[in-house]
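Coordinate inspection notes
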Amino acid sequence: VAMPAGVRVAELRALWPTVIHAQDAGRSPAPLTQGDAVVGYFPSSGTTGTPKFIGVSHDLFYRRVSRKALALPLPRDLRQICHIGPGTWYGFSSSIRALWLGGTIILTENPAQIVPAIRAHQVNYLVLAPITLQQAMAGLPADGGPLPSLPMIAVGGSALPLPLFELAARCLCPDIY
């Protein structure tokens, strides 16, 4: 597909492959709840606690991302790192929302690159899982102050332990969602 001048494209599939666990191989995805054309299949344990893949339609995806774009005000001139990746619903919708709002996504391949990338690219929104947050902070001094460019962090995927929340609030950013 020909792109207009100035448009940058990153092949996300090569950077963030969707992982299908051995126990999920061969399972049929859960049926779509709304719409007909599939955007993708995303891992979920949802309300059942049983791992499965959920098919998300274009209609449902559009409604969720557009509502999410209005729900949480993001910084102007958005520069986001989403280290969860688009293989998950949360990572995929967060990345699309950033692009929808005209933002830039800064790509990192491992947690050790996150803090240097925040400093180098003046990242102002960080989306990651608690384990990645812990790994990203491994080299930071516990008495350091927040990073000036980073006004908010969104954490998803699992519970954020209170000691990690407190350390991240002190060393990276006080506004953690």
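Residues numbered from 1 in each chain as written. Predicted model: local features only at pLDDT ≥ 70, side-chain atom pairs only at ≥ 80, totals over all residues. Heavy atoms only, no water.

Moving on, we get to the overall build of the protein. A tally of helices and strands in the protein yields six helices and six strands. In the protein, the succession of helices and strands from N to C terminus is α-β-β-α-β-α-β-α-β-α-β-α. Residues counted as buried form 39% of the 177 residues belonging to the protein. Partitioning the intrachain contacts of the protein with sequence separation of at least 6 by distance along the chain shows that 66% fall at a separation of at least 24. Summing over all exposed atoms, the protein offers an accessible surface of approximately 10300 Å²; the carbon and sulfur share of this is 58%. (Helix = DSSP H or I, 4+ residues; strand = E, 2+ residues; numbered from the N terminus. Buried < 20%, exposed > 50% of the residue type's maximum accessible area, 1.4 Å probe, protein only. Contact = heavy atoms within 4.5 Å. Areas by Shrake-Rupley, 256 points an atom, 1.4 Å probe, with all protein chains shown as cover.)

The grouping of Tyr62, Trp100 and Leu101 at the surface amounts to a nonpolar patch, some 330 Å² of accessible area in total. When its relative accessible area of 40% is taken as the criterion, tryptophan 100 is described as partly exposed. (Patch = residues over 30% accessible without salt bridge, like charges linked within 9 Å, V, L, I, M, F, W, Y side chains within 5 Å. Salt bridge = Lys/Arg side-chain N within 4 Å of Asp/Glu carboxyl O.)

Counting 24 residues, the largest nonpolar core has Leu150, Ile153 and Leu172 as its most contacted members. Looking at this core, the elements that each hand over two or more residues are α4 (114–121), β5 (125–128), α5 (130–136), β6 (153–155) and α6 (162–171). Sequence-distant contacts of isoleucine 153, that is, excluding residues within four places in its chain, are made with Leu126, Leu128, Leu172, Cys173, Asp175, Ile176 and Tyr177. Leu78, Ala98, Val127 and Ala154 belong to the second largest nonpolar core, which has eight residues in total. (Core = buried A, V, L, I, M, F, W, Y, C linked by side-chain atoms within 4.5 Å.)

With that out of the way, let us pick up the sheet that holds strand β3 (residues 79–82). If you trace the four strands from one edge of the open sheet to the other, you get β4-β3-β5-β6, paired in parallel fashion. Strands with a single pairing partner mark the edges of an open sheet, and in this sheet they are β4 (104–105) and β6. Where β3 meets β4, two bridges bridge the pair, whose relative direction is parallel. Looking across to β4, one finds that glutamine 80 is bridged to isoleucine 105. Sheet strands touched by α4: β3 and β5. Its angle to β3, the strand with the most contacts, is close to 170°. (Pairing = 2+ DSSP bridges. Axes fitted to C-alpha atoms, helices over the stretch in contact; angles between N-to-C directions.)

Glancing now at the confidence of the model for the protein. Residues with a pLDDT of 70 or more make up 70% of the protein, whose mean pLDDT is 75. Element-level pLDDT for the protein is lowest in helix α1 (residues 12–15), with a mean of 43, against a maximum mean of 93 in α6. In this model, residues 9–25 is a region of pLDDT below 50 whose contacts with residues beyond four sequence positions or in other chains number 16 contacts. (pLDDT = per-residue confidence, 0-100.)

On the secondary structure map, glycine 103 appears in the loop between α3 (89–100) and β4. Sequence-wise, glycine 103 and leucine 74 are 29 residues apart; in three dimensions their C-alpha atoms are separated by 9.7 Å.

This part covers the side chain of arginine 97. Within the secondary structure, arginine 97 sits in helix α3. Buried and unpaired, arginine 97 has no salt bridge, with aspartate 175 as the nearest side chain of opposite charge at 14 Å. Within polar-contact distance, the side chain of arginine 97 engages the side chain of tyrosine 125 at 3.0 Å. (Lys, Arg positive; Asp, Glu negative; His and termini not counted. Polar contact = N/O pair within 3.5 Å; in protein donor to acceptor, adjacent residues only side chain to side chain.)

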